[in-house]
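Working through the structure, step by step
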Amino acid sequence: SQQGEEDPQALSIQEGENATMNCSYKTSINNLQWYRQNSGRGLVHLILIRSNEREKHSGRLRVTLDTSKKSSSLLITASRAADTASYFCATDAKYGGSQGNLIFGKGTKLSVKP
Amino acid sequence: SAVISQKPSRDICQRGTSLTIQCQVDSQVTMMFWYRQQPGQSLTLIATANQGSEATYESGFVIDKFPISRPNLTFSTLTVSNMSPEDSSIYLCSAGQGVFSYEQYFGPGTRLTVT
């Protein structure tokens, strides 16, 4: 089954620095999404990028998508301590019985030190 | 967007018992889903809760263990039956609009510990 794989698994940076997380997946998709999860809490939707889009911005977030490489990146600029969380990519299969369901990657644990 | 609440937020249960988790959405939604997140792991889809019909389960999950109800477009329940310590996880409900899930909104999760 397709699955997003994020790297790095963990990332520790200083406040004010940029954080880049990458996600790879295996099969054709309709879209790719990024979510944030604060420790032990529910997920918060950050951004959705469709398969025909290459880049998308939302505030301090920048997402890129390269469907030829089946990969995406999430860039958080000017990071803050409040950005400390786990970040997951999720893909929506274009074909197959699980069409429409989200497949989540393993996540990147980001720690932003003040 | 949709605001989703779950009850209970956490529970500690004994082996062999069952727990029913409730998920309430503040607006009518087409799709509702249940996920499991084991400690330190990513989310795994348990099933899609279908309104007025049986849930659609993913490989590795069965109705006898995880019965799901969805009586209307704003509410769903997940029961974890005959629990064992391996069922200790966070269980999350999510909702999405449209035939395809696209953007999903998540509840805060239910943290279950089985002793």
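Structure first, text after, so check above.
Residues numbered from 1 in each chain as written. Chains lettered and ligands numbered in written order. Predicted model: local features only at pLDDT ≥ 70, side-chain atom pairs only at ≥ 80, totals over all residues. Heavy atoms only, no water.

**What to know about the pattern of salt bridges**
All names here are of chain B. Heads up, the condition is: Salt bridges are identified by distance alone: a Lys or Arg side-chain nitrogen within 4 Å of an Asp or Glu carboxyl oxygen. Here a strand is any run of E in DSSP of at least two residues, a helix any run of H or I of at least four, and the numbering for each starts at the N terminus. Per-residue accessibility, obtained with a 1.4 Å probe over protein chains only, is compared with the maximum for each type, and a residue is labelled buried under 20%, exposed over 50%, and partly exposed between these values.
Scanning the entire structure with this criterion turns up four salt bridges over all chains. Between Asp87 and Lys65 there is a salt bridge; the shortest N-O distance is 2.7 Å. In this pair, Asp87 sits in the loop between strand E8 (75-80) and strand E9 (89-96) while Lys65 sits in the loop between strand E6 (56-57) and strand E7 (68-72), placing the two residues 22 residues apart along the sequence. Across this residue pair, the class does not change: Asp87 and Lys65 are buried.

**Some remarks on the layout of surface pockets**
So the rule is basically this: Within this scheme a cavity is a closed region of a 1 Å grid, computed over the protein atoms alone, that accommodates a 1.4 Å probe without allowing it to escape, whereas a pocket is open but has protein on both sides within 12 Å along at least five of seven lines; lining residues each have an atom within 4 Å of a point. Grid points are joined across faces, edges and corners, and a volume is the space filled by probe spheres set on the points. Residue classes follow a fixed rule: Ala, Val, Leu, Ile, Met, Phe, Trp, Tyr, Cys and Pro count as nonpolar, while Asp, Glu, Lys and Arg count as charged, and any other residue, Gly among them, counts as polar.
One number sums up the size of the largest pocket: a volume of about 610 Å³. Taken together, 27 residues line the largest pocket, and the ones lying closest to its centre are Ser86 and Lys109 of chain A together with Gln37, Gly40 and Gln41 of chain B. Every element with two or more residues in the lining of the largest pocket is listed here: strand E9 (85-93) and strand E11 (108-113) of chain A together with E9 and strand E11 (110-114) of chain B. In the lining of the largest pocket, the residues fall into six nonpolar, 18 polar and three charged.

**Regarding the pairing of E11 of chain A**
All names here are of chain A. Basically, it comes down to this: In this analysis, strands are considered paired if DSSP registers two or more bridges between them.
Burial along E11 is one-sided: Thr108, Leu110 and Val112 are buried, while Lys109, Ser111 and Lys113, pointing the other way, are not. Direction of pairing for strand E2 (residues 10-14) relative to E11: parallel, over a ladder of five bridges. For Leu11, the partnering residue across the bridge sits in E11 and is Leu110.

**Details of the interface of chain A and chain B**
The line we're drawing: Two residues form a contact once any of their heavy atoms are found within 4.5 Å. Buried area counts how much accessible surface, traced with a 1.4 Å probe, disappears from two parts once they are put together, with both parts' losses summed.
The interface is formed by 21 residues belonging to chain A together with 20 residues belonging to chain B. Summing both partners gives a buried area of about 1,500 Å² for chain A against chain B, and 53% of it is carried by carbon and sulfur. Along the contact surface separating chain A from chain B lie zero salt bridges. When contributions to the side of chain A that touches chain B are tallied by element, the ones reaching two or more residues are strand E4 (29-37), strand E5 (43-50), E9 and strand E10 (102-104) of chain A. The dominant element in the side of chain A that touches chain B, judged by the number of residues it contributes, is E4 of chain A, at five residues. Here the residues of the side of chain A that touches chain B are counted per class, giving six nonpolar, eleven polar and four charged.

**A look at the sheet that holds strand E1 (residues 4-7) of chain B**
Residues and elements named next belong to chain B. What counts here: The angle between two axes is taken between their N-to-C directions and runs from 0 to 180 degrees, where each axis is a line fitted to C-alpha atoms and a helix contributes only its stretch in contact.
Strand order in this open sheet of four strands is E1-E3-E8-E7, and the pairing throughout is antiparallel. Strand pairing shows two members of the sheet lacking a second neighbour, E1 and E7, which therefore form its edges. Averaged over all adjacent pairs, the angle separating strand axes in this sheet is 15 degrees, with direction ignored. Both E1 and strand E3 (residues 19-25) contribute to a ladder of four bridges, which runs antiparallel. The residue bridging Ser5 from the neighbouring strand is Gln24, located in E3.

Function-wise, these values are silent; they only describe arrangement.
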